[in-house]
Amino acid sequence: MNELINLVWVGICTALVFFMQAGFALVEGGLSRAKNSINVIMKIYLGTCFIGVIFWAVGYGLAFGPSVEGLIGGGSFAPQKLGATDAVGLLYQMMFATTAVTIVSGAVAERMRYSAYLAFAALMGLVIYPTYAHWAWNTGGWLRQMGFIDLAGDGAVHSVGAWCALAGLLALGPRLGRFGKNGEVRDIPGHNLPMVALGGFILWLGWFGFNGGSISGVESGQMGTVLLNTYLGGCAGGIGALAFMRLTGRPVLMSATVNGSLAGLVALTAGAATMNPLTAMVTGLIAGALATWGAEALRARRIDDTVDAIAVHGVGGTWGLLAAGLFFEGDMFNGSRLMVQALGAIAAFAWAFPMAYACFKLVDKLIGLRAPTLNEQRGLDYTEHHEIGYPEFQDSPGQMHKET
Amino acid sequence: MSIQALSLRRRAAYAVLSPLLEENALIDALRLQHQSMRGDSVSDIIGYIDQVAVRHNIDAASRKKLYEAYYKALKRPESELPMDPWPLMQIDAAPTPAAASAPAPVAPPVVSVASLEPVAAAMQAAAPALIAAASPDRAVCAELLRTALAEVLRFHASALSELCSGVLEQLDQGGLSQPVRKQVRDAWAQPRQAAWVIEGTPAELSQVVHQFYVAMCEALGPVDADQVLTRAVRAADQMPQARQFSPRKLI
């Protein structure tokens, strides 16, 4: 009976994590300019399709197949005959892989070729994500064997996604005119902040599946704590962002507040099952403040992250990994556990960043990474997809065809 | 400034100046008001009356009376003011781009060259003949570039040199022919006086507009660049030539 309940619960959580793609689409689409919104959403949509196929065929085997020296999986490729539990488990893990890749799409929005993004997404889903997932989650993975705590992918999903995004941003460069010649940062506001807020709420909802489905079983008694800690992390993240903005005299921005709460959720992804509610709140609070600070720090270094994904998933994620070691319930501030967590965080960067950078460079050489400036002028919606999001307010291709 | 407020200002001026000035002088004074008076404050009134007095030899005593009279006229109920003299002002007037303030139906939010006075008006005066004589694609392109440039000059004047250098840096990188590059370079040497009629193919004109846009992005930022370009396209869309060649083909 317990097995059946667990199966249903993981199935529900799978649907919740899948629904997070809608949240990402709203956040990333809303934070992009109207002329690029369809492009961003299409990247998420077709990225989801690609990763689904790739992860089933190869990624799952590399991540969860029999471990080869703790480094990589070597079996269970393109599985055909699976029991109900294994099938749902695969599907659940597939959602995580998709989420990791989607993190990149928002960061590189508004200047990357669509085909180049899909090529990179395939490479990331094929190699970068499954390898680290193997280290962190496979029972034979070297990090897992060291006692690395990563409940639902703080390192495997969020940190890896963020460091891949950073590599992409360095390979791509900033959007046209984002930074002035004297180093000033030009704001490029998103076209629809209500979309961003709705997306934030949907992501928050999805996080119940993200963390809730990663417990060892409903009977373990962890579910309530995990769900409560997850929720509190999101709350505290938003408050942390608010506190940072208020205390430093900055305007309290909605986009930064949403990102703050998302950073709080990211930070709870590692240790939601091993923290108490108070330490969960402290973790989320610090993550929210750090992400808000991190977003500005990156901009000051002329790194143009359209949706502040690196601050949320990279800065928030790294802090979350450390916090999971610091605030381990019943054994707080254990130095050796903290060292393992730090090693996991470093491994995420050391693996994902150079690999992703190499992949981006490879894609650049083969098909070209950056959209031409003319496409930036016209908007990637029209130039890449021949569709626009808001025909009533934009000069539509149909109008142009009629005139020719 | 609403159309109604402009009309009231003209009617008040007509009321107080008509006893003192002959018809030609009166029309001149009304046109002067239309061109130079920017508000209804005391300083605006004094400034305007002083200009009229200098141009039409009004003595100091009458001038002082006019300050008060015009101020009071502006406060009078509409029913006590004469008819709007705008039709009189149109007689014998050369075709000017003053339609934006004429008592016509309010246009959609389009920034035309005419509305970007005084810089744009000066630019407009410099080259209408050249534009009129140009083929539709070149005329439309010229209007688009001139409108965009006029807006930059008005609202982002300090960015002009960066804009200019940004365009010139790109000029040799694109596929523009040598004559087109020379024309663009010449235009940028004197951007305010240039007619911006570029003798190029539509593809080359599109490339010129794109280089202008990229330079605007770098000089003003992408948000302002998008807004300036959008408004310039809408302004160019108002030209009769736009029926034969849409400015959208240039972007």
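What you see is a predicted model, and the numbers here were worked out from it, not measured in a lab.

### Focus: the overall build of chain A
Next up, step 1: In terms of regular secondary structure, chain A is built from 15 helices and two strands.
Next up, step 2: Against the globule reference of 22 Å for 404 residues, chain A gives a C-alpha radius of gyration of 20 Å, in line with a compact fold.
Next up, step 3: If you line up chain A on its principal axes, its C-alpha atoms span 65 × 55 × 35 Å.

### Notes on the packing of helix α6 (residues 154-172) of chain A against helix α12 (residues 335-367) of chain A
All names here are of chain A.
Next up, step 1: Contact geometry for α6 and α12: axes closest at 8 Å, N-to-C directions at 40 degrees. As far as their axial angle goes, α12 and α6 are oblique. In this structure, the crossing between α6 and α12 has a hand that is right-handed. Contact residues: Gly155, Ser159, Val160, Trp163, Cys164, Leu166, Ala167, Gly168, Leu170 and Ala171 in α6; Gly344, Ala345, Ala348, Phe349, Ala352, Phe353, Ala356, Tyr357, Phe360, Lys361 and Asp364 in α12.

### Focus on helix α4 (residues 114-137) of chain A
Next up, step 1: Methionine 124 of chain A marks where α4 of chain A bends most, by close to 45 degrees.
Next up, step 2: In terms of burial, α4 of chain A is largely enclosed, as 20 of its 24 residues are buried.

### Brief notes about the interface of chain A and chain B
Next up, step 1: Tallying the contact residues gives 14 residues for chain A and twelve residues for chain B.
Next up, step 2: Among the elements of the structure, α13 (373-378) and α15 (397-403) of chain A are those that each provide at least two residues to the side of chain A that touches chain B.
Next up, step 3: Broken down by element, the residue count for the side of chain A that touches chain B peaks at four residues, all from α13 of chain A.
Next up, step 4: Grouping the amino acids of the side of chain A that touches chain B by side-chain chemistry returns four nonpolar, four polar and six charged.

### Observations concerning the domain arrangement of chain B
Next up, step 1: Domain parsing of chain B yields domain 1 (3-90) and domain 2 (113-250).
Next up, step 2: Spacing between the C-alpha centres of domain 1 of chain B and domain 2 of chain B amounts to 37 Å.

### Some words on the confidence of the model for chain B
All names here are of chain B.
Next up, step 1: A residue-level look at chain B finds 83% of positions with pLDDT of 70 or above and a mean pLDDT of 80.
Next up, step 2: Looking over chain B, one finds the lowest element-wise mean pLDDT in helix α6 (residues 119-126), namely 52, and the highest in helix α11 (residues 202-220), namely 93.
Next up, step 3: Below a pLDDT of 50 lies the segment residues 94-117, which in the model reaches 43 contacts outside its immediate sequence neighbourhood of four places, other chains included.
Next up, step 4: At the level of chain-chain contacts, confidence expressed as ipTM amounts to 0.85, with global pTM at 0.79.

### So, the environment of glutamine 190 of chain B
Next up, step 1: One can find glutamine 190 of chain B in the loop between α10 (178-189) and α11.
Next up, step 2: Residues glutamine 190 of chain B and arginine 146 of chain B lie 44 residues apart in sequence; the distance between their C-alpha atoms is 12 Å.

### Quick notes on unusual backbone geometry
All names here are of chain A.
Next up, step 1: You will see that arginine 302, though not glycine, has its phi angle at about 60 degrees, which is positive.
Next up, step 2: Note on arginine 302: 13 C-beta atoms within 10 Å, which makes it partly exposed.
Next up, step 3: The phi dihedral of phenylalanine 333 is positive, around 55 degrees, even though this residue is not glycine.
Next up, step 4: In this structure, phenylalanine 333 sits in the loop between α11 (309-326) and α12.
Next up, step 5: For phenylalanine 333, a count of 10 C-beta atoms within 10 Å translates into the label exposed.

### Looking at α12 of chain A
All names here are of chain A.
Next up, step 1: Between the first and last C-alpha of α12 there are 47 Å, a value that for 33 residues agrees with the 48 Å anticipated at 1.5 Å per step.
Next up, step 2: All of the buried residues in α12 are Arg337, Gln341, Gly344, Ala345, Ala348, Ala352, Phe353, Met355, Ala356, Cys359, Phe360 and Val363.
Next up, step 3: Tucked into the core, α12 has its buried residues touching α4, α5 (142-145), α6 and α11.

### So, the environment of aspartate 237 of chain B
All names here are of chain B.
Next up, step 1: Among the secondary structure elements, aspartate 237 is positioned in helix α12 (residues 222-237).
Next up, step 2: Using a count of 17 C-beta atoms within 10 Å as the deciding quantity, one classes aspartate 237 as partly exposed.
Next up, step 3: Separated by 75 residues in the primary sequence, aspartate 237 and glutamate 162 place their C-alpha atoms 28 Å from one another.
Next up, step 4: The contact partners of aspartate 237, leaving out residues within four places of it in the chain, are Ala242 and Pro247.

### Notes on the packing of helix α8 (residues 136-155) of chain B against α12 of chain B
Residue and element names in this part refer to chain B.
Next up, step 1: Contact geometry for α8 and α12: axes closest at 8 Å, N-to-C directions at 135 degrees. As the angle between them shows, α8 and α12 are arranged oblique. The hand of the α8/α12 crossing is right-handed. On α12, the residues touching Val140, Glu143, Leu144, Thr147, Ala148, Glu151 and Val152 of α8 are Val228, Leu229, Arg231, Ala232, Val233, Ala235 and Ala236.
Next up, step 2: Tallied by class, the residues present in the contact of α8 with α12 amount to ten nonpolar, one polar and three charged.

### Remarks on the environment of glycine 141 of chain A
Residue and element names in this part refer to chain A.
Next up, step 1: Locating glycine 141 in the fold gives a position in the loop between α4 and α5.
Next up, step 2: Under the C-beta neighbour-count criterion, glycine 141 is labelled buried, with 24 such atoms within 10 Å.
Next up, step 3: For glycine 141, the contacting residues outside a window of four places in its chain are Ser67, Gly70, His134, Trp135 and Ala136.

### Topic: the nonpolar core
Most often, soluble globular proteins have nonpolar side chains that are buried together.
Next up, step 1: Counting 135 residues, the largest nonpolar core has Met124, Val160, Ala165 and Ala356 of chain A as the members making the most contacts within it.
Next up, step 2: When residues in this core are grouped by element, the largest group, 16 residues, is from α4 of chain A.
Next up, step 3: In terms of nonpolar packing, the next biggest core, distinct from the first, is built from 47 residues, Val152, Leu176, Val180 and Ile198 of chain B among them.

The rules behind these values
- Residues numbered from 1 in each chain as written.
- Chains lettered and ligands numbered in written order.
- Predicted model: local features only at pLDDT ≥ 70, side-chain atom pairs only at ≥ 80, totals over all residues.
- Helix = DSSP H or I, 4+ residues; strand = E, 2+ residues; numbered from the N terminus.
- Rg over C-alpha atoms; globule rule 2.2 N^0.38 Å.
- Axes fitted to C-alpha atoms, helices over the stretch in contact; angles between N-to-C directions.
- Parallel < 35°, antiparallel > 145°, perpendicular 65-115°, else oblique.
- Left-handed = near helix turned anticlockwise from the far one by under 90°.
- Contact = placed C-beta atoms within 7 Å.
- Bend = angle between axes of the 7 residues up to and from the residue.
- Buried ≥ 20, exposed ≤ 12 C-beta atoms within 10 Å, placed from the backbone.
- Nonpolar A, V, L, I, M, F, W, Y, C, P; charged D, E, K, R; others polar.
- Domains from an automatic or database assignment.
- pLDDT = per-residue confidence, 0-100.
- Expected span 1.5 Å × (residues − 1).
- Core = buried A, V, L, I, M, F, W, Y, C linked by C-beta atoms within 7 Å.

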